[in-house]
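As a plain string of letters, each chain reads:
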Amino acid sequence: MFGVLLVLTLKYAPEGIWAFVDRLLPKTPRRVDWQDAAALAQRPKPGVGEVVLQARDLRKTFGGLVAVNAINFEVQAGQIVGLIGPNGAGKSTTFNLITGVLPLSSGQVSFCGQDISNLPSREIAQRGISRTFQHVKMIADMTVLENVALGAHLRGQRGTASAMLRLDRHEEQSLLREAELQLRRVGMGDSLHELAGNLAMGPQRLLEIARALCGDPALLLLDEPAAGLRHQEKQALIGVLRQLKSEGLSILLVEHDMDLVMDISDRIVVMEFGTRLIEGTPEEIQASPAVRAAYLGTEH
Ligand code: ADP
Ligand code: MG
């Protein structure tokens with residue numbers, strides 16, 4: 001009997017009884033009271049042409065599988081570098097190595113001249129590398145603004161205890177102000193108070209970018225930001241990326257949409273089976289027989 005009850009509860013009321021009551025209660029929208037909050041401090045940005053990211057001989061093995069091997073490339077300030085390759089080539093793993101989500105098996109990652117290899121991901125984010133994930137990660141029943149504000153939490157000073165006692169109101173207002181600023185930057189100023197779960201795919205991806213921007217990054221890593229987007233949403237995304245680049249931000253971009261990558265990248269690194277097949281300008285990559293072979297699966 002208990003087993004049956006448990007199964008029925010999990011199926012029909014996974015959030016418990018309170019969720020039914022909560023749905024009937026009137027919702028009061030968040031009070032907009034952060035307009036005059038203090039702006040968050042920004043870190044100094046690297047000058048144009050400065051090397052922001054340098055990856056040297058990155059290698060990652062999972063047991064016997066070599067997922068990433070001898071990967072070398074650099075990203076300069078204000079550049080968009082595309083990282084492409086067939087499925088399973090090791091692109092996401094490379095992202096995870098750079099952002100400290102996975103420990104390196106060997107190799108070195110430098111950010112603005114400092115060695116950041118194997119630092120904890122929190123520390124790497126704090127130094128100015130933000131990222132988005134291949135699968136959108138957000139809290140569906142929080143508003144767009146609240147989701148984006150989460151991206152700024154590392155820039156806050158207050159700890160858990162003062163947050164629980166609600167002593168951090170001023171800081172919270174600063175974080176919300178920053179979130180609104182970044183949402184406007186990506187063109188989502190009109191959807192601040194919408195529930196994140198109600199957004200279409202395009203705005204969801206932009207939300208993720210705004211949340212990453214809240215970390216005040218010098219380098220942005222985007223893992224397949226155009227996946228699942230419709231034509232117009234892609235155009236909006238391209239517009240945002242161009243604008244960020246013109247503001248001096250560096251972007252490392254993993255993307256399957258070749259038109260998009262060729263359109264906005266300054267340089268492209270092609271990976272295959274964990275190794276670097278070729279690196280060059282979009283024109284050089286398009287002209288390369290080796291790249292065609294990697295994508296079409298013919299002998300080269
Ligand atoms: P891509 O993003 O280019 O499609 P990935 O970096 O996700 O490729 O994967 C590269 C290879 O590493 C694949 O063969 C994948 O199965 C393997 N891989 C990725 N993550 C793990 C993991 N956590 N454990 C074991 N194998 C993994
Ligand atoms: Mg991937």
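The rules we used
- Residues numbered from 1 in each chain as written.
- Chains lettered and ligands numbered in written order.
- Predicted model: local features only at pLDDT ≥ 70, side-chain atom pairs only at ≥ 80, totals over all residues.
- Heavy atoms only, no water.
- Near = heavy atom within 4 Å.
- Polar contact = N/O pair within 3.5 Å; in protein donor to acceptor, adjacent residues only side chain to side chain.
- Areas by Shrake-Rupley, 256 points an atom, 1.4 Å probe, with all protein chains shown as cover.
- Helix = DSSP H or I, 4+ residues; strand = E, 2+ residues; numbered from the N terminus.
- Nonpolar A, V, L, I, M, F, W, Y, C, P; charged D, E, K, R; others polar.
- Donors = N, O, S within 2.8 Å, 3.2 Å for Na, K, Ca; no water.
- Buried < 20%, exposed > 50% of the residue type's maximum accessible area, 1.4 Å probe, protein only.

A few points about the site of ligand 1
- What surrounds ligand 1 is the set Phe62, Leu65, Ala67, Asn87, Gly88, Ala89, Gly90, Lys91, Ser92 and Thr93.
- In this structure, Lys91 approaches ligand 1 through a main-chain N or O atom, which is 2.8 Å from an oxygen atom.
- The fraction of the free accessible surface of ligand 1 (560 Å²) that becomes covered by protein chains is 60%.
- Of all the secondary-structure elements, those providing two or more residues to the shell around ligand 1 are β2 (65–76) and α3 (91–98).
- Looking at the shell around ligand 1 element by element, the count peaks at 3 residues for α3.
- Taken together, the residues that form the shell around ligand 1 break down as 4 nonpolar, 5 polar and 1 charged.

Some remarks on the coordination of the magnesium ion (ligand 2)
- Those protein atoms acting as donors to the magnesium ion (ligand 2) are Ser92 (OG) and Gln134 (OE1), and they sit at 2.1 to 2.4 Å. Here Ser92, found in helix α3, pairs with Gln134, found in the loop between β6 (129–131) and α5 (144–149); they are 42 residues apart in sequence, far enough to count as distant.
- Classification of Ser92 by relative accessible area gives partly exposed; the value is 25%.

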